Amino acid sequence: MLKKFLVIAALSTLTFAQVVKAADVKLTDPNKMVRQVADNTFERITKDQPLIIKNNEHLRVIVEEELMPYIDYKYAALRVLGSEVSKVRAITDEAEKARAIKDIQRFIVVFREYLVATYAGVFTQYTNQQVEFGAPQPFKGKDVVVVKTKIIEAGKPDIKIDFKVREDRSGEWRAYDMIAEGISLLDAKQSELQGMLRQQGIDHVSNLLEQKSQLPVQFRGSDTND
């Protein structure tokens, strides 16, 4: 399920470039931020096609430089961990708590690398899909805004995608979740991992995601284990 969502997110991200010309990313406006990041990513993929054809691993570089600075992966990772974070806060033994905090810090780093690898793989499947944006959403006085889009591809049903964008303490906006046809990517990933986190622990899940992130860049279909 997660991979299906990431396929939609990555393809729709690339097609935003058909709407907006390249510009400096405006982190103070969530609507403009989403469009501009997508445009810059698309232009980079187009420009670097010779390098990508030579080696798909170059897609990691593009994702790192053009996409990840605008994703609040730390917040997303903590949302995926859910109650595991609360458990750490309740630990009273200082040494045990320090170890648990290190486990969470490692999970955040590994989760980021997992996202980089997954998006890089999905970008190998780009085939020029179309996208329509909803009306710009008012954001003054809010800390979360939903940017609405609709993906259009000939011969296929339209797909509604909502991007959740969050304002941080410095007043900058970054994406942290997407909702495909009413289903949250973060909720889906949390549901997928919660049993494993509870039974085998954060360190085990981090090891699993780390292994997946180190696999060669390639599209791996819609298997929920990817």
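The protein is annotated in an unreviewed UniProt entry as ABC-type transport system, auxiliary component of Pseudoalteromonas translucida.

1. So, the overall build of the protein
Along the backbone of the protein there are 9 helices and 5 strands. Helices (α) and strands (β) of the protein occur, in sequence order from the N terminus, as α-α-α-α-α-α-α-β-β-β-β-β-α-α. Counting the 226 residues in the protein, one finds 46% classified as buried. Within the protein, contacts between residues at least 6 apart in sequence are counted, and of these 62% link residues at least 24 apart. A total accessible area of about 11,700 Å² is found for the protein, and carbon and sulfur atoms account for 51% of it.

2. Re the pattern of salt bridges
Side-chain pairs of opposite charge can arise whenever the charged atoms involved come near each other. Within this structure, the stated rule accounts for 15 salt bridges. Across the pair Glu113 and Arg112 runs a salt bridge, and its minimum N-O distance is 3.4 Å. Residue classification places Arg112 among the buried residues on the basis of a relative accessible area of 16%. A salt bridge links Glu172 to Arg174; the nearest nitrogen and oxygen atoms lie 3.1 Å apart. Classification of Glu172 as partly exposed rests on a relative accessible area of 28%. Because the salt bridges share partners, they merge into one network encompassing Arg44, Lys47, Asp48, Glu65 and Glu66.

3. Digging into the side chain of Ser184
On the secondary structure map, Ser184 appears in strand β5 (residues 183-184). Within the structure, the side chain of Ser184 is placed 2.7 Å from the side chain of Asp177, a separation counted as a polar contact.

4. Some details on the packing of helix α4 (residues 58-67) against helix α7 (residues 94-122)
α7 packs onto α4 with a crossing angle of 115° between their chain directions and a minimal axis gap of 8 Å. In terms of crossing hand, the pair formed by α4 and α7 is right-handed. Within the contact between the two elements, α4 uses Leu59, Arg60, Val63, Glu64 and Leu67 and α7 uses Arg112, Glu113, Val116, Ala117, Tyr119 and Ala120. Considered class by class, the residues forming the contact of α4 with α7 number 7 nonpolar, no polar and 4 charged.

5. Quick look at the pairing of strand β2 (residues 144-152)
Taking every second residue as pointing to the same face, the buried face of β2 carries Val145, Val147, Thr149 and Ile151, while none of Val144, Val146, Lys148, Lys150 and Ile152 on the other face is buried. In this sheet, strand β3 (residues 159-167) lies alongside β2 in antiparallel orientation, the contact comprising 8 bridges. The residue of β3 that forms the bridge with Lys150 is Lys160.

6. Observations concerning the environment of Phe107
Examined against the element boundaries, Phe107 turns out to sit in helix α7. Beyond its immediate sequence surroundings of up to four residues, Phe107 is in contact with Ala77, Val80, Leu81, Ile202, Val205, Ser206 and Leu209.

7. A look at the packing of helix α8 (residues 185-200) against helix α9 (residues 202-213)
For the pair α8 and α9, the least separation of the axes is 7 Å and the interaxial angle reads 130°. Taken together, α8 and α9 sit at an angle that is classed as oblique. Facing α8, whose interface residues are Lys189, Leu193, Met196, Leu197 and Gln200, α9 presents Ile202, His204, Val205, Leu208 and Leu209.

What counts and what doesn't
- Residues numbered from 1 in each chain as written.
- Predicted model: local features only at pLDDT ≥ 70, side-chain atom pairs only at ≥ 80, totals over all residues.
- Heavy atoms only, no water.
- Helix = DSSP H or I, 4+ residues; strand = E, 2+ residues; numbered from the N terminus.
- Buried < 20%, exposed > 50% of the residue type's maximum accessible area, 1.4 Å probe, protein only.
- Contact = heavy atoms within 4.5 Å.
- Areas by Shrake-Rupley, 256 points an atom, 1.4 Å probe, with all protein chains shown as cover.
- Salt bridge = Lys/Arg side-chain N within 4 Å of Asp/Glu carboxyl O.
- Polar contact = N/O pair within 3.5 Å; in protein donor to acceptor, adjacent residues only side chain to side chain.
- Axes fitted to C-alpha atoms, helices over the stretch in contact; angles between N-to-C directions.
- Left-handed = near helix turned anticlockwise from the far one by under 90°.
- Nonpolar A, V, L, I, M, F, W, Y, C, P; charged D, E, K, R; others polar.
- Pairing = 2+ DSSP bridges.
- Parallel < 35°, antiparallel > 145°, perpendicular 65-115°, else oblique.

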